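Per-entry structural report
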Amino acid sequence: TVTADADTAVEDDATPAEPEAEAADEPQAAATEPADTAADETQAEPEAAVVADDTNPAEPEAEAADKPQAEATDPVEPEAPAEPEAGVDDEAQAEVAVAAAEAGTTPEPEAQADEVPAGEVAAAPAVPLPALKAAAPHLVDAYKAAGAQLEKQELTGARAAVYLVVDRSGSMRGYFKDGSVQRLAEQVTALAAHLDENATVTTVFFSTDIDGTVDLTPADLTPTRIDEVNATLGRLGRTNYHRAVEEVLAHHEKNDPARPALVVFQTDGAPESKTAATQALAEAADKPLNWRFVVWGEEDNKAFDYVRKLDGTPRTATYFAGATPVETPHAAFYRGLLAGLEF
């Protein structure tokens, strides 16, 4: 279970640009002397004002340098008190304020990028990326792809229980061997990290009956986890859809029947009994479960006529993943799986 510039202060040139004697003889020269930097020009203006208004030109300039705050705050002076030296950002804000004043407008304060209106909660995955990365770094790519598709469908922050149904009929042997089932489990678990607070996928393996049910989480879904589970479930059998549907319904009813759920139902063939499958799905029709049938094999196979017809059933859709699902990119998988999904 898992739960994701510095402003360069302008150096104050404390050393007067001209010798003291020259400043006394030519007071205006100091005021008009070109400055090397924009910050020095800012420093020069208040000093020039002090010299021009000084009624006692014989007063040594050094005293003014020794007591800058006293002169700047002297009530006799018409100038406003000198502000502390501004950094680069302060100067930029000052320029904006001056430009706004000349235009007769007031600049708007900068908006906070992450600000959330009062009373609203920011939509976010159930498990943040840093936590997922720490528990299962091999799921990060799938997790990001799932998040991107959920965002496109405005489902970021949605919550639901997640189920995975895996077909263990005889024709599935090759899909277990080539890693297709392992990859599917990883993709669904990465998706569950967005939807479920515990990132748990209740996984039902079925064939003739229910072969086994396990909970998969990012922390325990190692790259060999599916092979290990499959090895304990006995021989592969037939394809009784209805038993898998019944198992999911029973589990959901026992845990939280009112909670929305996503059921990823994988198969590579038609149900042994279409009548039984139809009846089981009919009993699920009034439940808050969204069924997504993920079909492996050639799409034009007649065996898939049954699942093709399920597209017309409420909260049910079919995604044909092709004959080599282990090669399906994450983005394409989530696009096909989540198309039209609503909670």
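Residues numbered from 1 in each chain as written. Predicted model: local features only at pLDDT ≥ 70, side-chain atom pairs only at ≥ 80, totals over all residues. Heavy atoms only, no water.

Digging into the packing of aromatic side chains
- The final tally for this structure, using the stated rule, is 10 aromatic pairs.
- With centroids separated by 5.0 Å and ring planes inclined at 55 degrees, the aromatic side chains of Y175 and W296 adopt a geometry described as tilted. Residue Y175 is located in helix α9 (residues 173-177), and its partner W296 is located in strand β5 (residues 289-296); the two are separated by 121 residues in the primary sequence. Side by side, Y175 and W296 carry an identical accessibility label, which is buried.
- Between the aromatic rings of F206 and Y241, the centroid separation amounts to 6.4 Å while the plane-to-plane angle is 90 degrees, which identifies the pairing as edge-to-face. Of this pair, F206 sits in strand β2 (residues 201-206) while Y241 is found in helix α12 (residues 241-255), placing the two residues 35 residues apart along the sequence.
- A connected cluster of aromatic rings, assembled from ring pairs, spans F206, Y241, F265, F293 and Y306. (Phe/Tyr/Trp six-rings, centres within 6.5 Å; stacked < 30°, edge-to-face > 60°. Helix = DSSP H or I, 4+ residues; strand = E, 2+ residues; numbered from the N terminus. Buried < 20%, exposed > 50% of the residue type's maximum accessible area, 1.4 Å probe, protein only.)

Quick look at the side chain of T203
- Mapped onto the secondary structure, T203 falls in strand β2.
- When residues no more than four places from it in sequence are discounted, the contact partners of T203 are L164, V166, G212, T213, V214 and L216. (Contact = heavy atoms within 4.5 Å.)

A closer look at the pattern of salt bridges
- All told, the structure shown has nine salt bridges when counted by the stated rule.
- Between R243 and E246 there is a salt bridge whose closest N-O contact spans 2.9 Å. With a gap of three residues between them, R243 and E246 both fall in helix α12, about one helical turn apart.
- Judged by its relative accessible area of 23%, R243 falls in the partly exposed class.
- Here the salt bridges do not stand alone but share partners, grouping R159, D196, E197 and R259 into one network. (Salt bridge = Lys/Arg side-chain N within 4 Å of Asp/Glu carboxyl O.)

With respect to the sheet that holds strand β3 (residues 210-216)
- The strand order across the open sheet formed by six strands is β3-β2-β1-β4-β5-β6, and the pairing between neighbours is mixed. A strand with exactly one partner marks an edge of an open sheet, and here the two such strands are β3 and β6 (316-322). Averaged over all pairs of adjacent strands, the angle between their axes in this sheet comes to 20 degrees, without regard to strand direction.
- Looking at chain direction, β5 and β6 are connected through six bridges and run parallel. (Pairing = 2+ DSSP bridges. Axes fitted to C-alpha atoms, helices over the stretch in contact; angles between N-to-C directions.)

With respect to the nonpolar core
- With 47 residues, the main nonpolar core has L164, V181, L191, V264, W296, Y334 and L338 as its most contacted residues.
- The biggest single contributor to this core is helix α10 (residues 180-195), with nine residues.
- In terms of nonpolar packing, the next biggest core, distinct from the first, is built from 26 residues, Y163, V248, L249 and F293 among them. (Core = buried A, V, L, I, M, F, W, Y, C linked by side-chain atoms within 4.5 Å.)

A short note on helix α8 (residues 140-152)
- Spanning 13 residues, α8 covers 19 Å between terminal C-alpha atoms, matching the ideal 18 Å at 1.5 Å per step.
- Within the span of α8, buried status applies to V140, A142, Y143, A145, A146, G147, Q149 and L150.
- Against the buried residues of α8 lie α7 (129-135), α10 and α15 (330-338).
- Immediately beyond the C-terminal end of α8, within one or two residues, lies E154, with a positive phi of roughly 55 degrees. (Expected span 1.5 Å × (residues − 1).)

A look at the pairing of strand β1 (residues 161-167)
- The buried fraction of β1 is high, at seven of seven residues.
- Burial along β1 is two-sided: the face carrying A161, Y163, V165 and D167 and the face carrying V162, L164 and V166 are both buried.
- Relative to strand β4 (residues 261-267), β1 is paired through five bridges, and the arrangement is parallel. Looking at the pairing, A161 lines up with A261 of β4.
- Pairing of β1 with β2 involves six bridges; the strand directions are parallel.

Side note on unusual backbone geometry
- Of note in this structure, E154 is not a glycine but carries a positive phi near 55 degrees.
- Assignment of secondary structure puts E154 in the loop between α8 and β1.
- Judged by relative accessible area, which is 72%, E154 ranks as exposed.
- Of note, R315 is a non-glycine position whose phi angle comes to about 55 degrees, a positive value.
- Along the chain, R315 falls in the loop between α14 (305-309) and β6.

As for the packing of α8 against α15
- Following both chains from N to C, one finds α8 and α15 inclined at 40 degrees, their axes separated by 9 Å at the closest point. By the angle between their axes, α8 is oblique relative to α15. Here α8 runs over α15; the crossing is right-handed. Judged by residue contacts, D141, A142, A145, A146, Q149 and L150 of α8 engage H330, A331, Y334, R335 and L338 from α15.
- Within the contact of α8 with α15, the residues separate by chemical class into seven nonpolar, two polar and two charged. (Parallel < 35°, antiparallel > 145°, perpendicular 65-115°, else oblique. Left-handed = near helix turned anticlockwise from the far one by under 90°. Nonpolar A, V, L, I, M, F, W, Y, C, P; charged D, E, K, R; others polar.)

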